[in-house]
Amino acid sequence: MRTVLITGASSGIGAACAEVLAAENKYRLLLCARRADRLQALKKEILSKYPRTEVHTFLLDVRDSVAVMTAIESLPEEWKNIDILINNAGLSQGLDPIQEGDFGDWDRMIDTNVKGLLYVTKTVVPLLKKSEHAHIINIGSIAGKEVYPNGNVYCATKHAVDALNKAMRIDLLPFSIKVTAINPGMVETEFSAVR
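Residues numbered from 1 in each chain as written. Predicted model: local features only at pLDDT ≥ 70, side-chain atom pairs only at ≥ 80, totals over all residues. Heavy atoms only, no water.

Concerning the overall build of the protein chain
Summing up its helical and strand segments, the protein chain has 6 helices and 6 strands in all. Mapped from its N terminus to its C terminus, the protein chain presents α and β elements in the order β-α-β-α-β-α-β-α-β-α-β-α. For 195 residues, the compact-globule formula gives about 16 Å, and the C-alpha radius of gyration of the protein chain, at 16 Å, lands near that figure. Considered along the principal axes of its C-alpha atoms, the protein chain spans approximately 50 × 40 × 30 Å. Looking at the protein chain as a whole, 45% of its 195 residues are labelled buried. Long-range contacts, defined here as pairs at least 24 residues apart, represent 71% of the contacts in the protein chain between residues at least 6 apart. Approximately 10000 Å² of the protein chain is accessible, and the part contributed by carbon and sulfur atoms is 56%. Put simply, the protein chain has 23 plus and 23 minus side-chain charges, and the middle of one group is 5 Å from the middle of the other. (Helix = DSSP H or I, 4+ residues; strand = E, 2+ residues; numbered from the N terminus. Rg over C-alpha atoms; globule rule 2.2 N^0.38 Å. Buried < 20%, exposed > 50% of the residue type's maximum accessible area, 1.4 Å probe, protein only. Contact = heavy atoms within 4.5 Å. Areas by Shrake-Rupley, 256 points an atom, 1.4 Å probe, with all protein chains shown as cover. Lys, Arg positive; Asp, Glu negative; His and termini not counted. Charge placed at Lys NZ, Arg CZ, Asp CG, Glu CD.)

What follows is the structure, given as structure tokens:
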């Protein structure tokens, strides 16, 4: 069985990915997110529907580089054989035009959507190098291809994710680590309530 690490797994696309992979009965799920209650509820739900699925959860705020390194290094040995990384953690804050934007909203989006993806990827790549099936899946957005009114900084972060996808493919090719971009449009999740 392959081990899949999903960031931002407590809701939305991350939780949906976990559910789909559990149903396949071919994957061990390593799930992390900021919200402990939701993460535990997801684990309980998956195990009740798919009792043969192995699930390990841990709390993680991808914005904290030290926490990312510590969390990955502290994984039980049997969970360090990561084959697939789904960089799903992301968020959107504020809907202000650029001249009225909030610095705190900007920092939170940049720190989560760009720097968080970088921190997790850099920390997990040494483990992926050991896998014959290494694959990174970065969840971007259609906002990384186009822009929309008052989506300025969010769109910029998702354009950065698009550029990182392309660069990661080049950088990780010598290690046979596959890199895939998924750029969803409108999805019915908590995110759609914000956007």
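Things to note about the nonpolar core
Grouped together as the largest cluster of nonpolar side chains are 29 residues, with contacts concentrated most on Leu5, Phe58, Ile82, Val124, Leu128 and Ile136. With 7 residues, the single largest contributor to this core is helix H4 (residues 103-128). Core analysis: the second largest hydrophobic core is formed by 20 residues, Ala18, Leu29, Ala33 and Leu39 among them. (Core = buried A, V, L, I, M, F, W, Y, C linked by side-chain atoms within 4.5 Å.)

What to know about the state of the cysteines
Here, the word disulfide means a covalent bond between the sulfur atoms of two cysteines. As enumerated under the stated definition, the model contains 0 disulfides in all. Cysteine cysteine 17 shares no disulfide, and the gap to the nearest cysteine sulfur, in cysteine 32, comes to 13 Å. Exposure remark for cysteine 32: the relative accessible area of 1% places this residue in the buried category. (Disulfide = S-S within 2.5 Å.)

Quick look at the pairing of strand E5 (residues 135-139)
Within E5, 5 of the 5 residues are buried, which leaves it mostly tucked inside the rest of the structure. Side-chain alternation along E5 places His135, Ile137 and Ile139 on one buried face and Ile136 and Asn138 on a second face that is also buried. With 4 bridges connecting them, strand E4 (residues 82-87) and E5 associate as parallel partners. Each bridged residue has a counterpart across the sheet, and for isoleucine 86 the counterpart in E5 is isoleucine 137. Pairing analysis gives 5 bridges linking E5 to strand E6 (residues 178-182), with the strands arranged parallel. Among the inter-strand pairings, isoleucine 137 is bridged to a residue of E6, identified as threonine 180. (Pairing = 2+ DSSP bridges.)

Here we look at the packing of helix H1 (residues 12-24) against helix H2 (residues 36-49)
Look at H1 against H2: their axes get within 10 Å of each other, and the N-to-C directions meet at 20°. Taken together, H1 and H2 sit at an angle that is classed as roughly parallel. Where H1 crosses over H2, the two elements pack in a sense that is right-handed. Note on element contacts: H2 touches H1 through Leu42, Glu45, Ile46 and Lys49, opposite Ala15, Ala18, Glu19 and Ala22. Looking at the contact of H1 with H2 residue by residue, the classes come out as 5 nonpolar, no polar and 3 charged. (Axes fitted to C-alpha atoms, helices over the stretch in contact; angles between N-to-C directions. Parallel < 35°, antiparallel > 145°, perpendicular 65-115°, else oblique. Left-handed = near helix turned anticlockwise from the far one by under 90°. Nonpolar A, V, L, I, M, F, W, Y, C, P; charged D, E, K, R; others polar.)

Concerning unusual backbone geometry
One non-glycine residue with positive phi stands out, namely asparagine 25, at about 60°. Structurally, asparagine 25 is set in the loop between H1 and strand E2 (27-33). Among the residues examined, asparagine 25 registers a relative accessible area of 27% and is labelled partly exposed. At serine 176, a residue that is not glycine, the phi angle is positive and equals roughly 55°. Inspection of the secondary structure puts serine 176 in the loop between helix H5 (152-172) and E6.

Remarks on the packing of helix H3 (residues 65-73) against H4
H4 packs onto H3 with a crossing angle of 25° between their chain directions and a minimal axis gap of 9 Å. The orientation of H3 relative to H4 falls into the category roughly parallel. Note on packing geometry: the crossing formed by H3 with H4 is right-handed. Here Ser65, Val68, Met69 and Ile72 of H3 lie close against H4, whose contacting residues are Tyr119, Val120, Thr123, Val124 and Leu127. The class makeup of the residues in the contact of H3 with H4 is 7 nonpolar, 2 polar and no charged.

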